[in-house]
Amino acid sequence: MTVSAALAVSLSASPASAATVGGVIGWGKQDYAITVPPPNVLSGVSAVSAGSTTVLALQSGAVFAWGANNWGANVVPADAKSGVSQIASGWGHELALKNGKVIAWGNNWYGQTTLPASVSSGVIAISTSNMHSLALKQGGQVVSWGTRTDVPAAAQSGVTAISAGGDHNLVLKNGGVLAWGSNAYGQSTVPAGLSSGVTAISAGFNHSLALKGGRVYAWGQNNYQQATVPDAALSDVVGIDAGYNHNLAFKTNGDIIAWGTNFVGETTLDGVCGPVFAVSAGDNDSFGLKENPGALC
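Residues numbered from 1 in each chain as written. Predicted model: local features only at pLDDT ≥ 70, side-chain atom pairs only at ≥ 80, totals over all residues. Heavy atoms only, no water.

*Asks:* Please explain the pattern of salt bridges as it appears in this structure.
*Replies:* Pairs can form between side chains of opposite charge once their charged atoms are near each other. Per the counting criterion, the structure on display carries three salt bridges. One salt bridge in this structure joins Asp285 and Lys29, with 3.4 Å as the shortest N-O distance. Placement of Asp285 in strand β21 (residues 285-290) and of Lys29 in the loop between β1 (23-28) and β2 (45-50) is noted, with a sequence separation of 256 residues between them. Between Arg148 and Asp167 there is a salt bridge whose closest N-O contact spans 3.1 Å. One end of the pair, Arg148, is in the loop between β10 (142-146) and β11 (159-164); the other, Asp167, is in the loop between β11 and β12 (168-173), and 19 residues separate them in sequence. Residue Asp167 is classed as partly exposed on the basis of its relative accessible area, which comes to 29%. (Salt bridge = Lys/Arg side-chain N within 4 Å of Asp/Glu carboxyl O. Helix = DSSP H or I, 4+ residues; strand = E, 2+ residues; numbered from the N terminus. Buried < 20%, exposed > 50% of the residue type's maximum accessible area, 1.4 Å probe, protein only.)

The structure is reproduced here in structure tokens:
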């Protein structure tokens, strides 16, 4: 959930369009005008990350934020207005990565923005979700802070990708999925067959996703069918993102797939179309990056 950039494997380039910048499109929840991207993010954007009520976009190294401004989540610090390489939006707290250093702002009820000293340098990927965050350091060491600070021995070296969920975590190591944290719904019980060959991971609130051979795998809580993979996501998928209780994926041709909750149209694709080259799922909202966001379906 709400991860950013290729190393965190929620955003991936689409071979169909090979686009690396475009404009933000949004659908679903209308609160705080969150699914109405401001004019300045309709072009030149390289990454988008949806949190609870705030969305981040990355444009030429500068972070832009919109939606609710609870706890100052939309007040981007000066350090994050240039030179940023990755973004991650959480539950009222926000992260950015700049020159190997994590920048954080917003909600700090549980230490989400009180950064460990170890993330001030050498960080290559970031991920956040509900009340905790992950960073991946050079050499493959995972660092965790906020409500969940534990990192198992297996995730202290050799990790290549990270994803923070509601109260659980997923990482990739040697092409296999490792998971830890809450397992009340089986979200940390990795299915057989995902010990190698996995190319992407994404943790939702109480469910998990993985991508292997162009096919999406899902497990954990399934009360809204968020862990029931639709037929369209069983082949040719190149990017995934798990939201609170819904998921987004996109295929080699840039087509969007959405499933799970649909309380406010977050998985309704009427009038929403690709080709996209990135997706991000929030609480009850959905976003994509499209080379030409104004193109009609």
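And the narrative resumes.
*Asks:* What am I meant to see in the state of the cysteines here?
*Replies:* Among covalent bonds in proteins, the disulfide is the one between the sulfur atoms of two cysteines. A full pass over the atoms with the stated rule returns one disulfide. Here Cys273 is linked by a disulfide to Cys297, with a sulfur-sulfur distance of 2.2 Å. The S-S bond linking Cys273 to Cys297 shows a torsion near -105°; that makes this disulfide left-handed. Of the two residues, Cys273 is situated in the loop between β19 (256-260) and β20 (276-281) and Cys297 in the segment after β21; the sequence distance between them amounts to 24 residues. (Disulfide = S-S within 2.5 Å.)

*Asks:* Explain the packing of aromatic side chains here, please?
*Replies:* Given two aromatic rings, one states the distance between the centres and the angle between the planes to describe the pair. The full count for this structure, using the stated rule, is five aromatic pairs. A ring pair is formed by Trp71 and Trp91, whose centres lie 5.2 Å apart and whose planes are at 35°; its orientation type is tilted. Of this pair, Trp71 sits in the loop between β4 (62-67) and β5 (84-89) while Trp91 sits in the loop between β5 and β6 (93-98), and the two are 20 residues apart along the sequence. For Trp71, a relative accessible area of 36% puts it in the partly exposed group. Consider the rings of Tyr224 and Phe263, whose centres lie 5.2 Å apart with planes at 85°: the pair is edge-to-face. Taken together, the positions of Tyr224 in the loop between β16 (215-220) and β17 (237-242) and Phe263 in the loop between β19 and β20 put the pair 39 residues apart, joining distant regions of the chain. Assessed through its relative accessible area of 54%, Phe263 is described here as exposed. (Phe/Tyr/Trp six-rings, centres within 6.5 Å; stacked < 30°, edge-to-face > 60°.)

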